[in-house]
Amino acid sequence: MVSVDAKQAAPAAGGRGLLSSWAQRHLNLCFVAGFLLVLLTYLVVSQQFAVTSPVAVPTTPPHRKHQAVKSPGAGEAGFTQGGREGEGKAEARPAHEQQQQTGPPKAEGRARGVGKRDDDGAAKPFDNGKVVCIASPYSYTCDVFGDVRTNGTAHTVTLVPATSRPERREWSIQAYARFNMTGIPNVTVTQLDSTSALSPAPACTVTHRVPAIVLALGGHLGNYFHDFSDALVPLFVASRRYGGEVQLLAGNIQPWWLGKYEAVVRRLTKYDVLDLDHDDQIRCFRHVTVGLNMHKEFNIVPELVPGGVPLSMLNFTAFLRETYSLPRAAPIRLTNKKSSPPVDGKKMKKPRLMLLDRGHYRKLVNVPEIVKAAEKAGFEVTIADPRFNVRVKELALSVNSFDVLLGVHGAGLTNSAFLPPGAVVIQVVPYGKLEPMAQREFGDPAANMGLRYLEYSISVEESTLLETLGPDHPAIKDPDSVHRSGWDKVAEYYLGKQNVRVDVQRFAPTLALALDHLRQQ
């Protein structure tokens, strides 16, 4: 409040009062202009440094929902998916070979470059939420952090931002460990625009205190090799860091598979596996991983393991020994002498060799001769023919009691995971330049398990193809031409029509190497 005296005194001040008032007004205007300039500069700089996903595609909601799919292999019918060792139609693995040639699908949401992370926003995981996606040569996975909500029957995983996002983004992911599997619906990962009335967040009906992993079964499962390579190993990598405190949501659920490997699944999660396709709840999590990441065939790349604690195949096989209570963590101990005299009248134990005798294609046609050669080399030999419906624990205990596993390239060699570290795997590679595949699927994994891997590639004279096709057939004369014609022909001739007659004289040095390795343990 200004007094009358002050008002009357103002004119006496003359021009000085007016000048002061004018300066004050212009000073205020300069302050406002300066503030606006600073604000504009901040907005421009923040836009330049904002990190956005290179593969996230703005969409116009709502997106078409996926239909829930019933499991085609539910119940006892699941045991018809594969023959001996679960092989059957999946044994040729055509999808795998196509992936080697073409790489990940060029679809919406694919990350650019193997192993690169698609990090949607630089926000911390638990403030405004973020989506981090990774592509590998086989798989595409997304980790969603923040206010995450799953709708199983709609096959959606939704991130609800705490503050405004400029646009809605979406990724479409097949949660199986290999790209482009038929019969498995995709899961849509969506980052909502929190200000959009067209994409309201679904309300939570169940809130979980643990993270979740969304995976898909089916595909090549039922083939013993793929049970491990496509599911058990990637699931171990994804879930082991949680110590059982993780919820699994499985699409395309296979009750027979969950029953067969129940002991493994129970050690990876303390909670019942939920059937994603028939789950009508809106479940809320703080972290959801969508999809399983297969680093390599039946193998683990420690640097790619999430969670900051590297895992390896040594960790995986130790986990299996604990799960199935396998007693041996080392092979037999032998002296360095080629023949040991009896001790106190007792004959020294011989190293044990398990010979896998396949009952169909890629069969060993001279098993008795191979047995005699192995016994002559100093092994105690047992012939095994594991069936698909054998109890896994019984099989694991049996394999663990041996020091050497010998077999032709095939699913049976997956049992190397149950051998004690330091044991030997001998893979007989069929004719047809299959060595790269043999090394990738069993050689590299065996070495990473702490096993000694030996490879015996048969000559054309040891292949029954020479008799059935004749020496002038392209599969005999020019294997490269068969490979150029595509995977189907490779599988037809070299995996599906070939049996093996091992030349025991030529094979003898391989057996000697196996024995020498055991002596050096």
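Refer to the structure presented above.
Note that the structure is a prediction, hence the values are computed from the model and not measured. (Residues numbered from 1 in each chain as written. Predicted model: local features only at pLDDT ≥ 70, side-chain atom pairs only at ≥ 80, totals over all residues. Heavy atoms only, no water.)

1. Some thoughts on the state of the cysteines
Worth spelling out the cut-off: Two cysteine sulfurs form what is called a disulfide whenever their separation falls within 2.5 Å. The rule is simple: take the accessible area with a 1.4 Å probe, protein chains only, and divide by the maximum for that residue type; under 20% is buried, over 50% is exposed, in between is partly exposed. By definition, any uninterrupted DSSP run of H or I lasting at least four residues is a helix, any uninterrupted run of E lasting at least two residues is a strand, and each is numbered from the N terminus.
Using the criterion set out here, one finds two disulfides in the structure. Residue C133 pairs covalently with C142 via a disulfide, S to S 1.9 Å. In this structure the cystine formed by C133 and C142 twists about its S-S bond by roughly 100°; its chirality is therefore right-handed. Here C133 and C142 have matching classes, each one buried. Note on cysteine connectivity: C204 is disulfide-linked to C284, with sulfurs 1.7 Å apart. Negative torsions about the S-S bond denote left-handed disulfides, and the value of about -90° found for C204 with C284 makes this one left-handed. One end of the pair, C204, is in the loop between β7 (187-191) and β8 (206-207); the other, C284, is in strand β12 (residues 282-290), with 80 residues separating them in the sequence. Under the relative-accessibility criterion, C204 is labelled partly exposed at 36%.

2. Section: the environment of D385
Position of D385 relative to the elements: it lies in the loop between β14 (380-384) and α9 (392-400). D385 sits 27 residues away from G412 along the chain, and the two C-alpha atoms are 8.4 Å apart.

3. Thoughts on the sheet that holds β14
Put simply, the rule reads: Between any two strands, pairing holds if DSSP finds at least two bridges. As a rule, the C-alpha atoms of each element are fitted with a line to give its axis, helices using only the stretch in contact, and angles between N-to-C directions run from 0 to 180 degrees. Contacts are assigned to residue pairs that have any heavy atoms within 4.5 Å of one another.
Pairing within the open sheet is parallel, and its five strands lie in the order β14-β13-β15-β16-β17. Only two strands of the sheet have a single neighbouring strand rather than two, namely β14 and β17 (452-457). Averaged over all adjacent pairs, the angle separating strand axes in this sheet is 20°, with direction ignored. Pairing between strand β15 (residues 404-408) and strand β16 (residues 424-429): five bridges, direction parallel. For L406, the partnering residue across the bridge sits in β16 and is I426. Contacting β16 and β17, helix α10 (residues 435-448) crosses the sheet at an angle of about 160° to β17. Here helix α15 (residues 504-519) sits on the sheet in contact with β13 (352-356), β15, β16 and β17, set at roughly 180° to β17.

4. Some details on the packing of aromatic side chains
We apply this condition: Each aromatic pair joins two rings of Phe, Tyr and Trp (for Trp, the six-membered one) with centres within 6.5 Å, and gets the label stacked for planes under 30 degrees apart, edge-to-face for over 60, and tilted for any other angle.
Taken as a whole and judged by the stated rule, the model has 13 aromatic pairs. Geometrically, the ring pair formed by F228 and F418 is edge-to-face, given 6.1 Å between the ring centres and 80° between the ring planes. Placement of the pair is F228 in helix α4 (residues 224-239) and F418 in the loop between β15 and β16, with a sequence separation of 190 residues. With respect to class, F228 is no different from F418; both count as buried. Between F236 and F316, the ring centres sit 5.4 Å apart and the planes meet at 70°, which makes this aromatic pair edge-to-face.

5. As for the packing of α4 against helix α7 (residues 313-323)
Formally: Every angle not falling under 35 degrees, over 145, or within 65 to 115 is termed oblique; those three ranges are roughly parallel, roughly antiparallel and roughly perpendicular. For this scheme, ten residues count as nonpolar: Ala, Val, Leu, Ile, Met, Phe, Trp, Tyr, Cys and Pro. Four count as charged, namely Asp, Glu, Lys and Arg, and the remainder, Gly too, count as polar.
Following both chains from N to C, one finds α4 and α7 inclined at 90°, their axes separated by 11 Å at the closest point. When the axis of α4 is compared with that of α7, the two are roughly perpendicular. Across the interface between the two elements, F228, L232, V233 and F236 of α4 pack against M313, N315, F316, F319 and L320 of α7. For the contact of α4 with α7, the residue count by class is eight nonpolar, one polar and no charged.

Purely geometric stuff here, so don't read any function into it on its own.
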